[in-house]
Amino acid sequence: TGDTTTGDTTGDATETTTPVEINVSAKVNGNTAYLNEISKKNLEALDGSNAITIDLSTSGQGVNAVSMTKSTLGNLIDAGVQEMTIKLPEASVQVDGTALETLRDAASNSVKLSVVTGAAAKRGAGVAQLAALETLDEPTLAAVTASVNGKDVKNFADGNIRVTLPYAGEENAVVSYVDTAGTLTEVTATTDNGTVLFTAANPGVYAITEAEEAQQFEDVPEGEFYYDAVNWAVKNGITNGTSQTTFSPNMVCNRAQVVTFLWRAEGCPVPSTRTTQFTDLDSNEFYYDAVLWAVENGITNGTSPTTFEPNAPVDRAQVVTLLARTLSGKASGQTNPFTDVNPNEYYYDAMLWAVEDGITNGTGPETFEPLAACNRAQIVTFLYRAYVK
């Protein structure tokens, strides 16, 4: 991808192991399950694992919150827990190690996590948030909150909470964070077997809607080469429009966007680490997990040992290279039809594979234009041809 580094640039990764279920009782009061203390002796069952599951799914209808003591969080962190999953009757909440430490450090007494859906979530929304929700087509709402010592937490620092909820839509889900100013920001979401899993980098209101179809984009006319590809990409949650009515097919993509498209096409795999030595990445951005995954899997190494340059535009050579690395694509005898592609270039084999597999035919009979900027229409078409056709 034009990377200038080789080798491992991910820093010290901590791989999450298979979760171990911890047996702990809870006392239910109203909508909250209050966990009994999880002692260090309870955690001996981890036996080297750094991920736990606490099953409260049978704690009673209406329970949508869990409370635990600061000392319980401290014991979990001291035991090396990097991921805690709590199963509630209507939701699951997965807290990563950084968020656990953030909550532990902020608490003097106890921590409470809750996931409220439907009308109850709407009641907590402000005027600007309600106005933003009016622009969406029949959204399902979820309010994800965390409180310490009875006061709401404003953010999880560099940590994340992942929430799983039932989902009955026919199309893939689109999840947007609605901040107090009414700004909608799409977050990472995966739809699977009647559920939607999304990343909540901040406490607050999240809106869940069904993905739009390409036919609803006024700038994606039927008959264009990218029409079917856009429809496929939107229906499968790989990308959405740039507005409710536009896809912006001619908009040039950047490195963060392309890596995110590939990550979503692969099913949004959870990276094994939450750390990176790239100083230009924001852990709250939509692309963060995608970049971590891409680096872990050798799809990209960044543009230097400390930079990824998420906003740098991508060209055709970079896109076919990223795609070939993702799918382990290799040509098997394809000759080079292009006069503007040197066999010594880093993207040469990827280009041969892409031509052989019908992903691209170049920009002319003898030209590939490797350095030409790649736009949204071209990239989703490459993906569609690689994954579907």
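To start, this report covers the structure provided alongside it. Owing to the predicted nature of the structure, the values given are computational and were not obtained by experimental measurement.

1. Here we look at the packing of helix 5 (residues 227-235) against helix 10 (residues 376-387)
- Look at helix 5 against helix 10: their axes get within 8 Å of each other, and the N-to-C directions meet at 80°. Here helix 5 lies roughly perpendicular to helix 10, going by the angle between them. Contact with helix 5, carried on its side by Asp228, Ala229, Val230, Trp232 and Ala233, involves Val380, Thr381, Leu383, Tyr384 and Tyr387 of helix 10 and no other residues of that element.

2. Observations concerning helix 5
- Within helix 5, seven of the nine residues are buried, which leaves the element mostly enclosed by the surrounding structure.
- Inspection of helix 5 places Tyr227, Ala229, Val230, Asn231, Trp232, Ala233 and Val234 among the buried residues, and these make up the whole buried set.
- Buried residues along helix 5 sit against helix 10.
- At the C-terminal side of helix 5, Gly237 shows a positive phi close to 70°.

3. Thoughts on the sheet that holds strand 1 (residues 20-21)
- Read from one edge to the other, the open sheet built from seven strands follows the order 1-4-6-7-11-15-14, with strand pairing classed as mixed. If you trace the sheet from one side to the other, it starts and ends with strand 1 and strand 14 (189-192), each paired once.
- Where strand 11 (residues 161-166) lies against strand 15 (residues 195-200), six bridges are found, and the strand directions are antiparallel. For Ile161, the partnering residue across the bridge sits in strand 15 and is Ala200.
- Relative to the sheet, helix 2 (residues 97-106) contacts strand 6 (83-87) and strand 7 (92-96), its axis offset from that of strand 7 by approximately 85°.

4. Observations regarding the layout of surface pockets
- Taken as a whole, the largest pocket spans an internal volume of roughly 1,100 Å³.
- As for the largest pocket, its lining consists of 37 residues, of which Val174, Ser176, Glu186, Thr209 and Asn240 are closest to the centre.
- Among the secondary structure elements, those contributing two or more residues to the lining of the largest pocket are strand 11, strand 12 (173-178), strand 13 (184-186), strand 16 (204-210) and helix 6 (255-265).
- At four residues, helix 6 tops the list of elements feeding residues into the lining of the largest pocket.
- Looking at the lining of the largest pocket residue by residue, the classes come out as 12 nonpolar, 15 polar and 10 charged.

5. Description of a negative patch on the surface
- A cluster of acidic side chains, namely Asp137, Glu138, Glu170 and Glu210, defines a negative patch on the protein surface.
- The topology assignment puts Glu138 in the loop between helix 4 (127-133) and strand 9 (140-148).

6. A look at the environment of Arg325
- Tracing the sequence through the fold places Arg325 in helix 8 (residues 316-327).
- Overall, Arg325 belongs to the partly exposed group, its relative accessible area being 34%.
- Of the polar contacts made by the side chain of Arg325, one reaches the backbone oxygen of Ile299; its length is 3.0 Å.

Definitions and cut-offs
By convention here, each chain's residues receive numbers from 1 onward along its written sequence. Local features are withheld for residues below a pLDDT of 70 in this predicted model, meaning they are given only at 70 or higher, and side-chain atom pairs are given and counted only at 80 or more; totals for whole chains, interfaces and linings count all residues. Side-chain descriptors were evaluated using all non-hydrogen atoms of the structure, hydrogens and water having been removed beforehand. The convention used is that axes are lines fitted to C-alpha atoms, helices contributing only their stretch in contact, and that angles between N-to-C directions extend from 0 to 180 degrees. Counting from the N terminus, the helices are DSSP H or I runs at least four residues long and the strands are E runs at least two residues long. Oblique is the label for any angle not covered by the other classes, which are roughly parallel (under 35 degrees), roughly antiparallel (over 145) and roughly perpendicular (65 to 115). The contact criterion used is simple: two residues touch if any of their non-hydrogen atoms lie within 4.5 Å. Each residue is placed in one exposure class: buried if its accessible area under a 1.4 Å probe, protein chains only, is under 20% of its type's maximum, exposed if it is over 50%, and partly exposed if it falls in between. We treat two strands as partners when DSSP finds at least two bridges between them. Method remark: on a 1 Å grid restricted to protein atoms, a set of points is classed as a cavity if a 1.4 Å probe fits but cannot get out and as a pocket if it is open with protein on both sides within 12 Å along at least five of seven lines; lining residues have an atom within 4 Å of a point. Grid points are joined across faces, edges and corners, and a volume is the space filled by probe spheres set on the points. Ten residue types, Ala, Val, Leu, Ile, Met, Phe, Trp, Tyr, Cys and Pro, are classed as nonpolar, four, Asp, Glu, Lys and Arg, as charged, and the remainder, Gly among them, as polar. Patches here are clusters of residues that have more than 30% relative accessible area and form no salt bridge, with a 9 Å joining cutoff for like charges and a 5 Å cutoff for nonpolar side chains (Val, Leu, Ile, Met, Phe, Trp, Tyr). Here, Shrake-Rupley sampling with a 1.4 Å probe gives the accessible areas, and only protein chains in the shown set may cover a residue. By convention in these notes, a salt bridge is any Lys or Arg side-chain nitrogen within 4 Å of a carboxyl oxygen on Asp or Glu. When charges are counted, neither His nor the chain ends are considered; positive counts come from Lys and Arg and negative counts from Asp and Glu. By convention, the charge on Lys lies at NZ, on Arg at CZ, on Asp at CG and on Glu at CD. Distance and chemistry together define a polar contact, namely a pair of N or O atoms within 3.5 Å, with one atom able to donate a hydrogen and the other to accept it when in protein, and with adjacent residues in sequence counting only for side-chain atoms on both sides.

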